[in-house]
Amino acid sequence: MSFSTNGIRALTPGYFALVMATGIVSIAAENSGCHIIAHGLLWLNVGQYLLLGGLTLARWRYSPREFRSDLSDHQRGPGFFTLVAGTGVLAEQLILLQQAWRIALGLWGLALLLWATLTYTIFTALTVKTNKPPLDRSLSGNWLLAVVATQAIAVLTAQLASRFGAEPPLVLNFLALTLWLSGGMGYGLLITLIFYRCLFFKFSPTDFSPHYWINMGAAAISTLAGSALIESAAASEPLGPLLPFLKGMTLLFWACGTWWLPLLALLAVWRYGYHRSPLTYDPAGWSVVFPLGMYATCTFGIARTLRLDFLLPAAHAVVYLALTVWALTFSGMLHRLVKSKS
């Protein structure tokens, strides 16, 4: 990330993964009792969000050609969904740590607008595009950012509904449910294609990019959204009959995320240990931090809503892993910034 004209022009659309990662690690730390760390990361994240928002607007204003080109690019286009997810996660941080409901409501409206605009702009552009790359050159876990964005709004919507106490507005719960289901549909479609790409096309160590960790992160945030809906539906008579379905699907998403975790760890050892690929900072590295933080957070959520307290030690352990990976990635980013200035 550079603040020069060339740096702004080359800014990757997925850099808001920094906000996503910092926000969810902060939330996970708060759930684990690390209150000072959680609050420190909140204020850092507010600054990061404002900075990246300003850089993104500058790129849209001064580099419109590159900006439009990225929207219709099969590899870079899905990165724009980090704007939506980052906005949603920051709003969740503000609710949990500051009870800033009004600011969160404004961010919710912004996230909905960004989600609708980006979803139908990007998917329409990619559908009507004449020249399309082959599947093995265009598809990765990066595409699941569309699912993460959808579920981030579902979580935030369910949390806003809980603000109304014993009688949450049905329209908010229904919107959260609809987003959760559509996100689940997207996960089912995309993860099938991604798994097919991994198993039946050549897969070199360099092909295993950090974006593949979103395979687990998308399932984890779907779990968190399901847990939020379970809590919200329990107080909503019209949605009460759906509780068995919500609980079953939420557990399914958690199981999917848990299944991916060991496989992703093995592939990381295969790339960086067996093949000795260098460990250098890449903005895509935040796509590793976010899933770890989200897995810890969703495990706290499912343990609470389904009364599975035996999962809590695992959640606490992953929190410390996520904090460690966040610190290493953040240090790498600072080193890259200092090096680019020298």
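Residues numbered from 1 in each chain as written. Predicted model: local features only at pLDDT ≥ 70, side-chain atom pairs only at ≥ 80, totals over all residues. Heavy atoms only, no water.

A. Representation of the overall build of the protein. Summing up its helical and strand segments, the protein has 13 helices and 0 strands in all. Walking the protein from its N terminus toward its C terminus, one meets helices and strands in the order α-α-α-α-α-α-α-α-α-α-α-α-α. By the compact-globule yardstick of 20 Å for 342 residues, the protein fits well, its C-alpha radius of gyration being 19 Å. Oriented by its inertia axes, the alpha-carbon framework of the protein measures out at about 55 × 45 × 45 Å. Looking at the 342 residues of the protein, the share that counts as buried comes to 54%. Of the contacts formed within the protein by residues at least 6 apart in sequence, a portion of 82% connects residues at least 24 apart. (Helix = DSSP H or I, 4+ residues; strand = E, 2+ residues; numbered from the N terminus. Rg over C-alpha atoms; globule rule 2.2 N^0.38 Å. Buried < 20%, exposed > 50% of the residue type's maximum accessible area, 1.4 Å probe, protein only. Contact = heavy atoms within 4.5 Å.)

B. Quick look at the layout of surface pockets. Space inside the second largest pocket adds up to approximately 520 Å³. Lining the second largest pocket we find 26 residues, and of these Phe123, Trp143, Ala146, Gly186 and Leu190 sit closest to its centre. Those elements that place two or more of their residues in the lining of the second largest pocket are α6 (101-128), α7 (135-138), α8 (145-162) and α9 (170-200). Across the lining of the second largest pocket, the residue classes break down as 16 nonpolar, 9 polar and 1 charged. (1 Å grid on protein atoms, 1.4 Å probe; cavity = no way out; pocket = protein on both sides within 12 Å on 5 of 7 lines; lining within 4 Å. Points joined across faces, edges and corners; volume = space filled by probe spheres on them. Nonpolar A, V, L, I, M, F, W, Y, C, P; charged D, E, K, R; others polar.)

C. Quick peek at the pattern of salt bridges. Tallying each qualifying case throughout the model produces 6 salt bridges. Asp70 is paired through a salt bridge with Arg76; the nearest N and O atoms lie 2.8 Å apart. Residue classification places Asp70 among the buried residues on the basis of a relative accessible area of 6%. According to the relative accessible area criterion, Arg76 is partly exposed, its value standing at 30%. (Salt bridge = Lys/Arg side-chain N within 4 Å of Asp/Glu carboxyl O.)

D. Focus on the packing of helix α2 (residues 17-31) against helix α12 (residues 286-305). At a closest axis distance of 8 Å, the pairing of α2 and α12 adopts a crossing angle of 30 degrees. One element, α2, and the other, α12, form an angle in the roughly parallel class. When you trace α2 past α12, the crossing you get is left-handed. Of the residues in α12, those in contact with Ala17, Leu18, Met20, Ala21, Ile24, Val25, Ile27, Ala28 and Asn31 of α2 are Trp286, Val289, Phe290, Gly293, Met294, Ala296, Thr297 and Phe300. Per-class residue counts for the contact of α2 with α12 are 14 nonpolar, 3 polar and no charged. (Axes fitted to C-alpha atoms, helices over the stretch in contact; angles between N-to-C directions. Parallel < 35°, antiparallel > 145°, perpendicular 65-115°, else oblique. Left-handed = near helix turned anticlockwise from the far one by under 90°.)

E. The arrangement of the confidence of the model for the protein in detail. The predicted model of the protein has a mean per-residue pLDDT of 93, with 96% of residues at 70 or higher. Within the protein, no element has a lower average pLDDT than helix α1 (residues 5-9), which sits at 69, and none a higher one than α2, at 98. (pLDDT = per-residue confidence, 0-100.)

F. Spatial organisation of a nonpolar patch on the surface. A cluster of nonpolar residues, Phe195, Tyr196, Leu199, Phe200 and Trp259, forms a patch on the protein surface that exposes about 580 Å² of accessible area. Structurally, the position occupied by Tyr196 is in helix α9. (Patch = residues over 30% accessible without salt bridge, like charges linked within 9 Å, V, L, I, M, F, W, Y side chains within 5 Å. Areas by Shrake-Rupley, 256 points an atom, 1.4 Å probe, with all protein chains shown as cover.)

G. Up close: the side chain of Asp207. Within the secondary structure, Asp207 sits in the loop between α9 and α10 (214-233). With relative accessibility at 16%, the residue Asp207 sits in the buried group. Sequence-distant contacts of Asp207, defined by excluding residues within four places in its chain, comprise Arg137, Arg197, Lys202 and Tyr212.

H. Fine view of the packing of aromatic side chains. The final tally for this structure, using the stated rule, is 20 aromatic pairs. Relative to Tyr295, the ring of Trp254 lies with its centre 6.2 Å away and its plane at 20 degrees, an arrangement referred to as stacked. Here Trp254 is found in helix α11 (residues 243-274), whereas its partner Tyr295 is found in helix α12, with 41 residues between them in sequence. Across this residue pair, the class does not change: Trp254 and Tyr295 are buried. These aromatic residues form a ring-pair network of at least three members: Trp180, Tyr187, Phe245 and Phe253. (Phe/Tyr/Trp six-rings, centres within 6.5 Å; stacked < 30°, edge-to-face > 60°.)

I. Empty space enclosed by the protein, seen in detail. Evaluation of the coordinates by the stated rule reveals 1 cavity of 30 Å³ or more. Its volume calculated, the largest cavity comes out at about 60 Å³. If you trace the largest cavity, you find it lined by Leu11, Thr12, Pro13, Tyr15, Phe16, Thr56, Arg59, Phe67, Phe80 and Leu83. Of the residues that constitute the lining of the largest cavity, the class distribution is 7 nonpolar, 2 polar and 1 charged.

J. Local environment of the state of the cysteines. Scanning all chains against the criterion turns up 0 disulfides. Cysteine Cys198 remains unbridged, with the sulfur of Cys256 as its closest cysteine sulfur at 15 Å. Here Cys298 is not disulfide-linked; the sulfur of Cys256 is the nearest cysteine sulfur, at 11 Å. (Disulfide = S-S within 2.5 Å.)

K. The nonpolar core, seen in detail. Counting 119 residues, the largest nonpolar core has Leu144, Tyr187, Trp286 and Phe290 as the members making the most contacts within it. Residue contributions to this core peak at 13 residues, all from α8. Discounting chain neighbours no more than four positions away, the residues touching Tyr187 are Leu144, Val147, Asn215, Ala218, Ala219, Phe253, Cys256 and Trp260. (Core = buried A, V, L, I, M, F, W, Y, C linked by side-chain atoms within 4.5 Å.)

L. Spatial organisation of the packing of α9 against α11. Viewed as axis vectors pointing N to C, α9 and α11 meet at an angle of 35 degrees, and their least axial separation amounts to 13 Å. The way α9 lies across α11 gives a crossing that is left-handed. Taken together, the residues of α11 that come into contact with α9 (itself represented by Leu177, Trp180, Leu181, Gly184, Tyr187, Ile191 and Phe195) are Phe245, Leu246, Met249, Thr250, Phe253, Cys256, Trp259 and Trp260. For the contact of α9 with α11, the class distribution of residues is 13 nonpolar, 2 polar and no charged.

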